Structure formats: C-alpha cells, structure tokens
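Coordinate analysis (summary)
Spelled out, the chains give:
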Amino acid sequence: MRFVGDIALDAEVRAIASGAITDGSPVIVNADGTVSGVSSDPDSLGTAVAVYTGSNNTGAVVYDTGQDKILYAYTDASNYGATVVGTVSGSSISFGTPVVFRSSASYYIDATYDSNAGKTGIFWADYGDGEKGKACVATISGTSVSYGSTVTFSSTVTSGSKDSTYDSSENKILLSYRKDPYESEVVAATISGTDISFGSPTSIYGSVFGAMNAIAIQYDSNANKSLVIYKNPSTGYPDSKVVSLSGTTVSLGSATTIFSGAFKAVDTTFDSSNNKIVVGYQYDAGDELTRLVVATISGTSVSYGTAVSTGVGIRSDSVDSLHYNATAQKVVYAGTDQNDSGKSKYTIASVSGTSISIDSTTTVFDSATSPQNASEYDPDSQKSILFYTTNGNANPVARTLTVGAGDNITSENFIGIANAAYADGQKATVKTTGSIARNIPQIASASSSIGTAVVFESANAPFVSATFDSNSNKVVIAYRDKGNSEYGTAVVGTVSGTSVSFGTPVVFESASSRYFSATFDSNANKVVIAYRDDGNSEYGTAIVGTVSGTSISFGSPTVFESATANFISATFDSDENRVVIAYSDDANSSYGTAIVGTVSGTSISFGSATVFENASSNAISATFDSSNNKVVIAYADVGNSTYGTAIVGTVSGTSISFGSASVFESASSQYISATFDSSNNKVVIAYKDEGNSNHGTAIVGTVSSTSISFGSATVFESAGSDHISATFDSNINKIVIAYEDEGNSDYGTVVVGTVSGTSISFGSAEVFESASTNTISATFDSNANKVVIGYKDAGNSNYGTAVAIATAGSPEDLTIGQQYFVQTDGSLDTSADDPSVIAGTAIGASDIIVKG
C-alpha cells in the first residue's frame, strides 16, 4: 500500500464482517464500522390470526405502553361495544377473551391511550340511549380488561365519525366528534383512576347544514398543539384548524384548507422522528386514491407540503388506517383498495422536511375483500399490527408487519469488492473504489443536538441552579422541592453523550429555601450552594457539598448574612481560591453587597461584607474573569432607573473591593446572567431589555484594571425573554444562552453566540423544551463537552427537569456510511455546496474513502 501524506493509495479496508460475505461480492460499510455484503431486507408479514368470532363494525386500536398490549375496541355480533386484548410475541399475535363495555347497540367507536393515567379512554355513540356520546375508561390487566363507569359527553346524537388523540403536555385526551344537527366539536377529557370527565366542548365549524362526517385529530408533541381535520360543510373541502389546549379549555386557530377538492375518509399520524403530522385522505375526484401530505404547525397556524398518491383507493368509512413505525422511521398506510376488488394493501412512506415520498409499490397483505381496516405500532415488538375483515363474513383478523430496510446498498455506503469469502465475525479485506484519507478534521454541527429531557424531581422545582464539578465530572443541580415542604435539595447528574441521568436527590436544608446559586470550588474540589434560608429568618446561608459517585453529602450550613438576602449569585475566584457571593441585603435598604468565603474541608467561613452598590439592587449575577483575575457583578440598579449595570471586584484574602460601576444598558434590565469567555477573555452579559420590547439581549464587556467597558448590545431573541441563563462552552469557544421565549409559547430555547472583539453574533435559536419553561440554569460539562440546562417544566406539572445539549458548532465524528461533500470554505458537510464536490464515504470517525 502506498501513502501520500495521510492518503492511502490503492487502498484496502480491513473490518469485521457482519454476516457472510462471498468472494468478489460488492461490500458496504455499516453505521457501526463493520462491513457486509449486498443483501435485501424485505418486509415480512406474520400469520393472520382471528381476533374473535362475530361481525365487526369500525374498530379502533391502541397500544398500551404500560402493559405492552394492544387493545382493539369494536362493535360485536350483538352490536354491543366490546374490547379485546392482544399480545404480540415475535411475529405472532394472540388475543384474550373479549369483554363488553356497553350492553346496547354501540357504534362509531374510538379509543386513545392516556400514558399519564396508564388507561385507555373509549368513546362511542350509544344507540340504546338516543345515540348520545358516551365514554368510559378501560384498564388492561394481563390479557383481560375492565371498565370504569360510563359517562355521557354529549346528550345529543353523535352518530358520526369520532377521533381522539392524547395531549402529553396537558395530560388530556382531545376528542373530536360529529353531533346533530350538523355540527362538530372538540372536547378535552381527563382520566383519573377509572373515571373520565370532560371540559366544555368547542365547536369546530358551527351549526351549518351539511355533512361533516369525515373528521380526524392528531397531537404534535413538538409543537404541543393538535390538528383537527374536518369536511367543510359548505365546500366539501378538507379544512383544518390548530387546536390549543390549556387545562380543559380548547381554542382553535383559523381554518386552513388542505386542498380545494372533494374528499371522503381522513386519518392522521405523527412522525416523531421528523416532528411532523402526516395526513392521509381519500381524494374524491375520479381515481379516489388515498393521498398523503405533511402538515407543519407553527403557533396556531398550519401549512402543508405537496401531497403524494399511495396508489390505493379506500372505502369512505375506513378509519385508523395510518400509523408511524418508529423502528423503521416510516409512515405505514394500510387500506382497502376498492379499485382492485377490495384487496387489503399497505404502502410505506418517508417524511423529509415538508415532503413525503412513497418508498415502494403497494403490497397486498390479503387478497379477499376487506371492508374494514385499522392499524397500530407496537414499540415493544417493533412491529406494525394490521387489523382487517375478510370477505363478507366480517370476522376480524390481525397480523404483524415487520418493515424491512429493503436493499441495503446505496450510492453512499458502497466501498468496494471483497478480496475473498468471509464468515460472520471474521476480519474482511475489501479492495476500495478509491483512496483513503485518514485523521481528517471532524465536521462542526450546523445545529444543536438536543438530548431527551429527564426529570430529576417529580414535583414543582423552582429556583434551579446548576454547576459542574470538574473533580468528579458531574453536574450538580440545587433547587427548591415544593413536593417536600420546599426544602433545599440537590441532585447529581451524569452526562453520557446527550443523555443525562440522576442519582437520588439529597436535602441540604430542611426548611423552605430559595434564591439558590451553586458554584464549584476547584481548589477544595467542593460544590458550594448559597441560598436564602426561609426557615432561619430568611438569612443568607451557604453550605459545602462533596460529590461521590452519583450522590452528594453536605457539611453544616453557615450564615453569611444575618438578614434577608435576595437575588443571590455565587462565583469562584480561582486566583485567590475563594468563593464570592453577591446579593441584595434587605437589612441595608436592599443594597448590592458581596462577601468572600473560604472553603476548608466541608465548611465555609466568611470575611466582612462589602457594599458594591449604594442602592437597591436586583437581578444580580456574578462571574470570574480569569484573564484579569477579577470578579464581575452584573445587576439591575434600582437606584438608577433599574439600568443594567456592572462592577469589577478585586479579592484579596477574605475581602473584596470594587471599582466604579458602569452602565451597560440605559433601560430597565432583568433576568441578568453573566459569564466569562476564556477564549476571547471577555465577559458576556445576557439580559432582558425592558427598554426594547423585553427582547433578549447580550453585550460584551472588557475588564481593564478595576473598570469594565462595553461594546454594542446585540439582540438574540426579538421577543420577550425571561429566565435567562448564560454559560461558556469551552469545547467550541462559544457563549450558550438558555431562556424562556415569550414569543413562542414560553418554550425553553437555546441560542449560541460568537464573540469577536467587543461584539457578539448569534446563530438560530432552537427549542429544547416545547412547553412553558422557567427558572432556567445552564452549565457546561467540560468532561462530556455538553451544556446541561436545568429548569422547571411547566408543561409537565412544573417538575424539575434537565437536558444535555451538544451545541451548534460542536465537533462531531463523521457518520460511518455517510457521504460527505467538500464545502467552498474547505470544510465537509453532508449536503452539497455550489459547486457540488463529493469528498467520499466515511469508513470511520475520522477516515473517509475519497471517491473520484
């Protein structure tokens, strides 16, 4: 093998074979770095199994994630409402004994699983009681099911389409239904134990003559909104509205027409990988084929991509025929093709952005006439489950569908030809189609990679403060546990990739506490938490914590201010090896005050307090400038119109002295957060600029001796911004700001800033929590190279929650098997630049086959 620099010419790749590879066969590289021969992974169907014996009318199917069971609700041979539990094992499915939930004629049945309650809500029209809308709660136990009491949700006729969805942000089921005369409504349902209750319904269109029988509703967990689709009674077109839910109050956005044409049936699903709702509808204009289209919710509006045809025509009364298979990350549509003798068919589709494409031709899964279809995804078995009836006997059957990957070769992953035959697990040698470049620079991510949010306290948890312990490589979060008498509590988090896990919370103050500020003393290798002890006359107090494994232990608390202390902020001076605590001293006219603490073992002692602002001060935030060895305190100076102000402090022993204060914002400033950029040796202050429509704003400060000067302020969010927290990501040398975005439903949002000279510029903001998010605190884990954000999640009962983020610009390993393109700036990316220049296919984290 010949080399030029780090380029290997006439190259061969040596890697472990995954599966058998024949001599001379084409070879691909897999995502885990192994190699395989070219093969095909087709879909596979399990054997059809009878669900029960008896006629069926419009069944509904749900998956119970708590029990790992399928629940099928239907009208039985006696026209009673009943359900039956299904268990998937491998590629087979078996059913328990059906149980009746209503011993009277019950039609237009729908069902949705409530993951918070661990129960299923069932909804139907009770023809034994004037076709009123009825509901009950179903509880699965083993292969059986039991029911709560029946409740009436509509005292008028509801003999028409029903559809429901689960809103996980409000822990409610949203039910859409038709009622007489000629009206459709949306209502919120709450499951508590085995009972179900309803809020006040909201009319979708109003009482207008005309058919509105086609109706569907789907929750978008990214937007925290739902989308209801219905037939406009005036035009016959499919219209849609965004549904917002607050408690049990339903509000609707403006109507948006999906397309200007007649339609019949409609169904929806949510693609959780691409965060898009997919709508399937029957086009009623000659071909009657089902179309699929992607819906994007933004605020209270919705827009649609271009629809594609599935090639299958369905019956107008067919429902529950669309679902998302999370294993394959594909949308599965199953329906009865009335243009082909009523055969049951399915097709697979892929979402990309606002587009959807059909992966392959439709597949027949039963050649008999199938008047009814329903489908669902079982995440435990990673199978799609297809329900349908056969011929004229209407006996329902079910079978599993494993969605295969299809042919495994692509233009990207093909790397060469096998030199010999290899068995699974052997080291294979592959003659490549190009030379190999090794140890190439990692690419920088264009957007932040946001991990899954994790609850660290299943109770209301305000006053969150996070810090990083670089000795144990752990994140420590302090907070007020309102589920435990508002005690001061701390928990240790471990970051792995973009995941964070937590140990058991530990109480450090057995009294109501607030205004927590946690910092890390890298000299003593201890965490220091400063706070207001409401159980001790609201005195300013500090305590030393020692992290061990996934837990933290504490010494005795020490009072640093024998008076009410508010707006507390702590930082560590690594030059003097002292902790500095800044606060508002309520006993001294709320003057801005600072005090120096020295950690020894598990204790902390303090020098004398020093006033830094002879006026009431709030929104205090302290940071340490390690270039100039100065403490910088930013605050709102109430004595000067609450202007944003900063001051430089010099620690000497157990004392601190201050220079003159400098105004950085000549307007009322709140939610101030200061951090230090050690790459550019600048202080960055983020804040809410109440003089500029409450916009989120940041400014760069330069310390010189005992003074600080500022460049021009830059808006990072052109909307009201609260609970701002800034930190420095030393992995990419960027400022990361987390905040609550008032302009986007108070969602938790993060933005990355780049300091240049005395200015800062920002990339695009990204949502890290699609719910109202407050008491936010961000810290940087320099071991995992991730930003960790702790916050109170108002979308989940105000629980204490955290998320780990690889911020935009972070170096990323090459994705093995991915094709890369050379950019005009010399970097690599997965998308082509102009002109389009292919670099090659990655065969390792920093190795690439150069294709030419």
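Please read all numbers here as calculations on a predicted model, not as lab measurements.

Once that is clear, we can look at the overall build of the chain. Helices and strands together make up the secondary structure of the chain, namely zero helices and 79 strands. Every one of the 852 residues in the chain was classed for burial, and the buried ones make up 56%. Across the chain, contacts joining residues at least 24 apart in sequence account for 50% of those joining residues at least 6 apart.

Looking now at the environment of threonine 602. Inspection of the secondary structure puts threonine 602 in the loop between strand 58 (591-600) and strand 59 (603-606). With 78 residues separating them along the chain, threonine 602 and alanine 524 place their C-alpha atoms 9.2 Å apart.

What follows covers the nonpolar core. Counting residues in each nonpolar core, the largest one holds 18 residues, and the members touching the most others are Leu227, Ile258, Val279, Tyr281 and Tyr304. Those elements giving two or more residues to this core turn out to be strand 24 (225-231), strand 28 (263-271), strand 29 (276-283), strand 30 (289-298) and strand 31 (301-304). Excluding residues that lie within four positions of it along the chain, tyrosine 281 makes contacts with Ile258, Phe259, Phe263, Ala265, Val266, Leu289, Thr290, Arg291, Val293 and Ala307.

This brings us to the sheet that holds strand 42 (residues 414-418). Across the sheet, five strands lie side by side as 3-43-42-4-5; this open sheet has antiparallel pairing. Of all the strands in the sheet, the pair left with one neighbour each is strand 3 (12-16) and strand 5 (35-37). The average undirected angle you get between the axes of adjacent strands in this sheet is 45°. Where strand 42 meets strand 43 (residues 427-432), three bridges bridge the pair, whose relative direction is antiparallel. Directly across from glycine 416, in strand 43, lies its bridge partner threonine 432.

A few words on the packing of aromatic side chains. Taken as a whole, this structure holds 30 aromatic pairs when the rule is applied. On the numbers, 5.0 Å between centres and 65° between planes, the contact of phenylalanine 153 with tyrosine 177 is edge-to-face. With phenylalanine 153 in strand 17 (residues 151-157) and tyrosine 177 in strand 19 (residues 172-179), this pair connects stretches of sequence that are 24 residues apart. A relative accessible area of 0% places tyrosine 177 in the buried class. Measuring from centroid to centroid gives 5.7 Å for phenylalanine 508 and phenylalanine 516, while their planes differ by 85°, and the two rings are edge-to-face. Judged by relative accessible area, which is 7%, phenylalanine 516 ranks as buried. Clustering of aromatic rings is evident, with ring pairs tying together Tyr72, Tyr74, Phe95 and Phe387.

Turning next to unusual backbone geometry. With a phi close to 50°, tyrosine 671 is a non-glycine residue in the positive phi region. Turning to its location among the elements, tyrosine 671 is positioned in strand 64 (residues 662-677). What makes tyrosine 671 partly exposed here is its relative accessible area of 32%. We note that asparagine 733 has phi near 55°; this positive angle belongs to a residue other than glycine. Secondary-structure assignment places asparagine 733 in the loop between strand 68 (714-729) and strand 69 (734-741).

Further remarks concern the layout of surface pockets. Roughly 1600 Å³ of internal volume is contained in the largest pocket. Lining of the largest pocket is provided by 50 residues; of these, Ala466, Ala518, Ala570, Ala622 and Ala674 occupy positions nearest its centre. Looking at the lining of the largest pocket, the elements with two or more residues in it are strand 48 (465-469), strand 52 (506-521), strand 56 (558-573), strand 60 (610-625), strand 64, strand 68 and strand 72 (766-781). Broken down by element, the lining of the largest pocket gets its largest block of residues, seven residues, from strand 64. Classifying every residue of the lining of the largest pocket gives 26 nonpolar, 24 polar and no charged.

Overall, the coordinates contain twelve salt bridges when judged by the stated rule. Here lysine 134 and aspartate 126 are joined by a salt bridge, their closest N and O atoms 3.0 Å apart. Here the two residues lysine 134 and aspartate 126 agree in accessibility, since each one is buried. The partner of glutamate 185 in a salt bridge is lysine 179, and the shortest N-O contact between them spans 2.9 Å. Neither residue differs from the other here; glutamate 185 and lysine 179 are each classed as buried. Because the salt bridges share partners, they merge into one network encompassing Arg102, Asp126, Asp129, Lys132 and Lys134.

As a further point, take the environment of valine 308. Examined against the element boundaries, valine 308 turns out to sit in strand 32 (residues 308-313). Valine 308 sits 50 residues away from isoleucine 358 along the chain, and the two C-alpha atoms are 7.6 Å apart. If sequence neighbours within four positions are ignored, valine 308 has contacts with Thr290, Arg291, Leu292, Ile356 and Ile358.

Turning to the pairing of strand 53 (residues 526-533), a few remarks are in order. Most of strand 53 is tucked away, with eight of its eight residues classed as buried. In strand 53, alternate side chains face the same way, and those of Lys526, Val528, Ala530 and Arg532 on one face and Val527, Ile529, Tyr531 and Asp533 on the other are all buried. Note: strand 52 against strand 53, seven bridges, orientation antiparallel. Across the sheet, residue aspartate 521 finds its bridge partner in strand 53, namely lysine 526. Between the antiparallel neighbours strand 52 and strand 53 lie four residues, among them asparagine 525 with a positive phi of about 55°.

Note that glutamine 218 resides in strand 23 (residues 215-220). For glutamine 218, a relative accessible area of 14% puts it in the buried group. Reaching out from glutamine 218, the side chain makes a polar contact with the side chain of threonine 268 at a distance of 3.5 Å. Once you skip the residues sitting within four places of it in the chain, glutamine 218 turns out to touch Thr165, Lys225, Ser226, Leu227, Thr268, Thr269, Phe270 and Ile277.

Along a regular strand, successive side chains alternate from one face of the sheet to the other. Bridge analysis of strand 25 (residues 238-246) against strand 26 (residues 249-252) gives four bridges, and the strand direction is antiparallel. What sits directly across from serine 244, in strand 26, is serine 251. Adjacent in sequence and paired antiparallel, strand 25 and strand 26 are bridged by two residues, among which glycine 247 carries a positive phi angle near 65°.

Let us look at the side chain of aspartate 729. Inspection of the secondary structure puts aspartate 729 in strand 68. There is no salt bridge for the buried aspartate 729, and the closest opposite charge comes from lysine 786, which lies 8.5 Å off by N-O distance. One polar contact links the side chain of aspartate 729 to the main-chain amide nitrogen of isoleucine 732, over a distance of 3.4 Å. Not counting the four nearest positions on each side in its chain, aspartate 729 is found in contact with Lys734, Val736, Phe780, Val787, Thr807 and Ser810.

By secondary structure assignment, the location of alanine 398 is in strand 40 (residues 396-402). Assessed through its relative accessible area of 0%, alanine 398 is described here as buried.

With that out of the way, let us pick up the confidence of the model for the chain. Interpretation of this model should avoid reading the predicted coordinates in detail wherever pLDDT is low. Averaged over all residues, the pLDDT of the chain is 88; the fraction at 70 or higher stands at 89%. Low pLDDT, under 50, characterises residues 1-10; the predicted model gives this stretch 23 contacts beyond four residues in sequence or across chains. In this model, residues 208-212 is a region of pLDDT below 50 whose contacts with residues beyond four sequence positions or in other chains number 16 contacts.

The rules behind these values
- Residue numbers run consecutively from 1 along every chain, following the written order of its sequence.
- Given that this is a predicted model, residues contribute local features only at a pLDDT of at least 70 and side-chain atom pairs are listed and counted only at 80 or more, while totals for whole chains, interfaces and linings are drawn from all residues.
- Heavy atoms throughout the structure, all of them, feed into the side-chain values; hydrogens and water do not.
- Here a strand is any run of E in DSSP of at least two residues, a helix any run of H or I of at least four, and the numbering for each starts at the N terminus.
- A simple rule labels every residue: compare its accessible area, found with a 1.4 Å probe on the protein chains alone, to the largest value its type can have, and call it buried under 20%, exposed over 50%, or partly exposed in between.
- It only takes one pair of heavy atoms within 4.5 Å for two residues to be counted as in contact.
- To qualify as a nonpolar core, a set must consist of buried Ala, Val, Leu, Ile, Met, Phe, Trp, Tyr and Cys residues joined through side-chain atoms within 4.5 Å.
- Paired strands, in this sense, are two strands between which DSSP finds at least two bridges.
- Axis lines are fitted to C-alpha atoms, over the contacting stretch for helices. Their N-to-C directions set the angle, which ranges from 0 to 180 degrees.
- Working definition: rings of Phe, Tyr and Trp (its six-membered ring) pair if their centres are within 6.5 Å, and the pair is stacked with planes under 30 degrees apart, edge-to-face with planes over 60 apart, and tilted otherwise.
- Definitions used throughout: a 1 Å grid over protein atoms alone; a cavity as a set of points that fits a 1.4 Å probe which cannot get out; a pocket as an open set with protein on both sides within 12 Å along at least five of seven lines; a lining residue as one with an atom within 4 Å of a point.
- Grid points are joined across faces, edges and corners, and a volume is the space filled by probe spheres set on the points.
- Any residue that is not Ala, Val, Leu, Ile, Met, Phe, Trp, Tyr, Cys, Pro, Asp, Glu, Lys or Arg is counted as polar, Gly included; the first ten are nonpolar and the last four charged.
- Salt-bridge detection follows one rule: a side-chain nitrogen of Lys or Arg within 4 Å of a carboxyl oxygen of Asp or Glu.
- Between N or O atoms, a polar contact is any pair within 3.5 Å; within protein, one atom must be a potential hydrogen donor and the other a potential acceptor, and residues adjacent in sequence are included only when both atoms are from side chains.
- Positive charges are assigned to Lys and Arg, negative charges to Asp and Glu, while His and the chain termini are left out of the count.
- Here pLDDT means the predictor's own confidence in every residue, given as a number from 0 to 100.

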